[in-house]
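Residues per chain are reported as follows:
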Amino acid sequence: MSKKPKFLLCFMLLSIANLFASYPFVRNFKKGDTKGGSQNWSIVQTDNDWIYIANNRGLLEYDGYKWSIYQNNSNSLIRSLFFDKPTKRLYAGSYNEFGYFERDSIGLLRYKLICNSAKINVYSDVWNIHRLGENMVFQTETEIIILSNRKLLIHKLKDKIYQSAVVRGQLV
């Protein structure tokens, strides 16, 4: 075999290898595959690489092989998620309630309610959840609720807010 065909063969093989290396593996799922509702609101990945999705039907969990669905106390949609690495808790915000999912002693995911509208006078969706130092922050359209040392501090806002974030240790 002459040098030209060998060169072309090597060039083609390297080109094909680069083509596959450039594109990550993507898998699409249909609504029926996930057992979920029609809308997803928030997505997080935990430290074990599992995917959790806030969905109209609850919390969707994907472990890389199968989908599972979990409910909050009110069996309602979940709008926001935040995975807290230090505690391994998956915080979830819904309409009129928020809490967290945590594994029990046999590894099942269980929901623990932190607060609902019966405890405090908040009647709104929890749209964002953040860690701010040692505190957890839950943002609705009209309140910032801070969980600090197992106590809730509620800051009523005069104007509606639609987004929040923690930037350089500050809530913005």
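Look up: the structure comes first, before these words.
My aim in this report is to walk through the structure given alongside it, one point at a time. In this text the structure is predicted, and so the values were computed from the model without any measurement. (Residues numbered from 1 in each chain as written. Predicted model: local features only at pLDDT ≥ 70, side-chain atom pairs only at ≥ 80, totals over all residues. Heavy atoms only, no water.)

1. Some remarks on the pattern of salt bridges
All told, the structure shown has 10 salt bridges when counted by the stated rule. Between Arg79 and Asp125 there is a salt bridge, and its shortest N-O distance comes to 3.2 Å. Residue Arg79 is located in strand 5 (residues 78-84), and its partner Asp125 is located in the loop between strand 8 (109-116) and strand 9 (128-132); the two are separated by 46 residues in the primary sequence. Each member of the pair, Arg79 together with Asp125, is buried. With its nearest N and O atoms 3.0 Å apart, the salt bridge here joins Arg110 to Asp104. Taking the relative accessible area as the measure of exposure, Arg110 reaches 41% and is therefore partly exposed. (Salt bridge = Lys/Arg side-chain N within 4 Å of Asp/Glu carboxyl O. Helix = DSSP H or I, 4+ residues; strand = E, 2+ residues; numbered from the N terminus. Buried < 20%, exposed > 50% of the residue type's maximum accessible area, 1.4 Å probe, protein only.)

2. A short note on the environment of Asn72
Examined against the element boundaries, Asn72 turns out to sit in the loop between strand 4 (67-70) and strand 5. Placed 28 residues apart in sequence, Asn72 and Tyr100 show a C-alpha to C-alpha distance of 8.7 Å. Setting aside residues no more than four positions away along its own chain, Asn72 makes contact with Leu77, Ile78, Ser94, Glu97, Phe101 and Tyr111. Polar contacts involving the side chain of Asn72 include one to the main-chain amide nitrogen of Ser76, which spans 3.0 Å. (Contact = heavy atoms within 4.5 Å. Polar contact = N/O pair within 3.5 Å; in protein donor to acceptor, adjacent residues only side chain to side chain.)

3. Digging into the sheet that holds strand 1 (residues 40-45)
Here 4 strands make up an open sheet; going across it, the order is 1-2-3-4 and the pairing antiparallel. Edge positions in the sheet fall to strand 1 and strand 4, since each of these pairs with one other strand and no more. Put simply, the sheet's adjacent strands are angled 20° from each other on average, direction ignored. In terms of strand pairing, strand 2 (residues 51-55) meets strand 3 (residues 58-62) through 5 bridges, oriented antiparallel. Looking across to strand 3, one finds that Ala54 is bridged to Leu59. (Pairing = 2+ DSSP bridges. Axes fitted to C-alpha atoms, helices over the stretch in contact; angles between N-to-C directions.)

4. Considering the layout of surface pockets
Roughly 360 Å³ of volume is contained in the largest pocket. In terms of lining, the largest pocket is formed by 14 residues, of which the most central are Arg89, Tyr91, Leu147, Asn149 and Arg150. Secondary structure elements with two or more residues in the lining of the largest pocket: strand 6 (89-94) and strand 11 (143-148). In terms of residue class, the lining of the largest pocket is made up of 6 nonpolar, 3 polar and 5 charged. Here the second largest pocket is characterised by a volume of approximately 160 Å³. Looking at the second largest pocket, the residues that line it are Thr46, Asp47, Asn48, Tyr52, Phe83, Lys88, Leu90, Phe101, Glu102, Arg103 and Leu109. Residue contributions to the lining of the second largest pocket peak at 3 residues, all from strand 7 (residues 97-103). (1 Å grid on protein atoms, 1.4 Å probe; cavity = no way out; pocket = protein on both sides within 12 Å on 5 of 7 lines; lining within 4 Å. Points joined across faces, edges and corners; volume = space filled by probe spheres on them. Nonpolar A, V, L, I, M, F, W, Y, C, P; charged D, E, K, R; others polar.)

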